[in-house]
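Residue-level structural notes
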Amino acid sequence: MKFDVVVIGAGAAGLMSAATAAARGRKVLVLDHAKQAGKKILISGGGRCNFTNMDVVPGNYLCGNPHFVKSALAQYSHWDFIGMVCRHGIAYHERDHGQLFCDDSAKEIVQMLLSECDQHGVQLRLRTEIQSVSHGEEGFSLATSLGRIQAESLIVATGGLSMPKLGATPYGYQLAEQFGLTVLPTRAGLVPLTLRPEDKQHFEPLSGISLTTSIQAGPRGKPSGPAFTEQMLITHRGVSGPAVLQASNYRGIGEPVCVDLLPSADVAELLAEAKSKSPKRQLLTVLSEWLPGRLAEALMARQAWSNEQIAQLSKAQISEIAQSLNAFELKPAGDEGYRTAEVTLGGIDTDQISSKTMECKTVSGLFFAGEVLDVTGWLGGYNFQWAWSSGYVAGQNA
Ligand code: FDA
């Protein structure tokens, strides 16, 4: 079998690149070992797929080269994808922070991509194992469970390592290494954090409590990323919710995160005011007005604060309480790993890839798109936008 373009991976980036290449008149085959195309799309956004964001800028991405994403995002922007969604009559809505979701189901996004592929004659083969890939003067030769397949161009869109149950494999990284490319160390991103036993004893009973926080990766006063003001959820094993997932992308191994439990207030000022207005009230009563009562109690126990009248608090005590509430330094035990992570940080070093075409600089005809590259977006539709943009660019050039 001979094709102009073979795409490995029928996920977000793979389907987009296949439809784009086929629309240019290329004969395209997509191969995937899974039983179903677009599995991650189907479960994304709680089944409604947060397919892009109204405010996509390069700063929303982590990548060894922060400029790398610029060209692809400009060549195929969120507006282009929204245009496709509208052409297919898919109803959608905007949530907080500009996140766009389907009104009905993520299935519509997969159907849209499959129908774009179908319309342009893309052939799709699922449940297909790729045994080896070689490259010579004739292009690429793939030994697969379907037999030998020849291709002029090869697009690798095998995604990252998160959620192995859904078919994630390191195959894209192995192929990149086979062709002499560097794969930067990978780790789980957009991932819940687990607590050390000494914190777990205080916070585990609060499982289910959710509150608006502002979380920044890194120690107090030495942030290693931006602050994210969103919900934090306390779970049986640790902390989760959008603010935690966002900060997890920027947390260095073993690093703490700094949590502002009252991001809209200066706790030192609030305490000073409470001290002058109602000096006889006890500390727990006051804190319970600002925080969920059980969290206030747990914090007091963890910090060993006695429940004295506010009037008794010294300046040093006020400043300690204020610091603990506005900049609570949480040292996680670790994270939940690829089992629950939404994305994979690290991956194929973008230094070896043309940002304008997604083609490998050293192997002509070899393209990479999507999460397999060292590009990770924030939570909020940015990872799918990267898959659409990089997939489109690869499809335009393969
Ligand atoms: P993707 O993982 O989509 O596709 C890779 C494909 O390659 C898969 O079909 C896989 O089977 C195939 N493959 C892998 N190894 C293979 C091999 N050896 N042989 C053949 N085929 C192989 N992002 C976002 O922007 N908004 C959201 O709402 C969400 N929600 C979300 C929820 C959950 C639970 C997860 C796990 C992730 C998200 N994401 C997200 C992230 C988003 O799903 C992810 O970034 C994109 O799917 C990446 O697209 P890719 O096409 O690169 O990989």
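Predicted model only: the values in this text are computed from it and were never measured.

Taken as a whole, the protein chain is organised into domain 1 (2-188 + 340-397) and domain 2 (193-335). Of the residues lining the interface, 11 residues belong to domain 1; the matching set on domain 2 comes to 13 residues. Of the roughly 910 Å² buried between domain 1 and domain 2, counting both surfaces, carbon and sulfur atoms make up 53%. The three residues of domain 1 that bury the most area against domain 2 are Arg187, Trp378 and Leu379, which together make up 54% of that side's buried surface. Summed over the shared surface of domain 1 and domain 2, the number is zero salt bridges.

Once that is clear, we can look at the nonpolar core. In this structure, Ile109, Phe368 and Trp388 are the most contacted members of the largest nonpolar core, which totals 88 residues. Looking at this core, the element that brings in the most residues is helix α1 (residues 12-23), giving eight residues. Counting contributing residues, this core receives three or more from each of domain 1 (2-188 + 340-397) and domain 2 (193-335). Beyond its immediate stretch of four places on either side in the chain, Trp388 contacts Ala12, Met16, Ile41, Phe51, Tyr76, Phe81, Ile109 and Leu113. Core analysis: the second largest hydrophobic core is formed by 38 residues, Leu206, Ile209, Leu261 and Phe328 among them.

So, how was this worked out
- Residues numbered from 1 in each chain as written.
- Predicted model: local features only at pLDDT ≥ 70, side-chain atom pairs only at ≥ 80, totals over all residues.
- Heavy atoms only, no water.
- Domains from an automatic or database assignment.
- Contact = heavy atoms within 4.5 Å.
- Buried area = accessible area lost by both parts, 1.4 Å probe.
- Salt bridge = Lys/Arg side-chain N within 4 Å of Asp/Glu carboxyl O.
- Core = buried A, V, L, I, M, F, W, Y, C linked by side-chain atoms within 4.5 Å.
- Buried < 20%, exposed > 50% of the residue type's maximum accessible area, 1.4 Å probe, protein only.
- Helix = DSSP H or I, 4+ residues; strand = E, 2+ residues; numbered from the N terminus.

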